[in-house]
Amino acid sequence: MKNEYIVWGIPKGDKFESVLYTKSNTLEEAQYMARYLEDTYKVIKTRVQIIDFSKPLEDSFKNPNLINT
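All of these numbers come straight from a predicted model, not from anything done at the bench.

Colleague: How would you sum up the packing of aromatic side chains? Please name residues and give values.
Modeller: A complete count under the given rule lists two aromatic pairs for this structure. When the ring of Tyr 32 is compared with that of Tyr 36, the centres are 6.4 Å apart and the planes differ by 20°; the resulting orientation is stacked. One end of the pair, Tyr 32, and the other, Tyr 36, are both in helix H1 (residues 27-41), four residues apart, so they sit about a helical turn from each other. For the pair Tyr 36 and Tyr 41, a centre-to-centre distance of 6.2 Å together with 75° between the ring planes defines the contact as edge-to-face. With a relative accessible area of 36%, Tyr 36 lands in the partly exposed category.

Laid out in structure tokens, this is it:
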């Protein structure tokens, strides 16, 4: 597996973000699952995190888009 696609979001009634789905094989599948969770289970603030295992893992933490301000 080159990439892992992790769907995050805040479930209805919760205050904090959590991992909701990790079994997508493509970005399109992960985006579909994020929309599905929003529509079906009223999850809010969904996002897809992509981890690229072809690069050193420490490079993932240098991405300025990881920090939301």
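Following the structure, the description resumes.
Colleague: Can you explain the sheet that holds strand E3 (residues 44-52)? Please cite residues and give values.
Modeller: What the three strands build is an open sheet, ordered E2-E1-E3; its pairing is antiparallel. Each edge of the open sheet is held by one strand with a lone partner, namely strand E2 (18-24) and E3. Shown here is a sheet whose adjacent strand axes are inclined to one another by a mean of 25°, direction ignored. Bridge analysis of strand E1 (residues 3-10) against E2 gives four bridges, and the strand direction is antiparallel. When the sheet's bridge partners are listed, Val 7 is paired in E2 with Tyr 21.

Colleague: Tell me about the side chain of Asp 52, and name the residues and values.
Modeller: Note that Asp 52 resides in strand E3. Buried charge Asp 52 goes without a salt bridge, the closest partner of opposite sign being Lys 55 at 4.2 Å. Reaching out from Asp 52, the side chain makes a polar contact with the side chain of Ser 54 at a distance of 2.6 Å.

Rules behind the numbers
- Residues numbered from 1 in each chain as written.
- Predicted model: local features only at pLDDT ≥ 70, side-chain atom pairs only at ≥ 80, totals over all residues.
- Heavy atoms only, no water.
- Phe/Tyr/Trp six-rings, centres within 6.5 Å; stacked < 30°, edge-to-face > 60°.
- Helix = DSSP H or I, 4+ residues; strand = E, 2+ residues; numbered from the N terminus.
- Buried < 20%, exposed > 50% of the residue type's maximum accessible area, 1.4 Å probe, protein only.
- Pairing = 2+ DSSP bridges.
- Axes fitted to C-alpha atoms, helices over the stretch in contact; angles between N-to-C directions.
- Lys, Arg positive; Asp, Glu negative; His and termini not counted.
- Salt bridge = Lys/Arg side-chain N within 4 Å of Asp/Glu carboxyl O.
- Polar contact = N/O pair within 3.5 Å; in protein donor to acceptor, adjacent residues only side chain to side chain.

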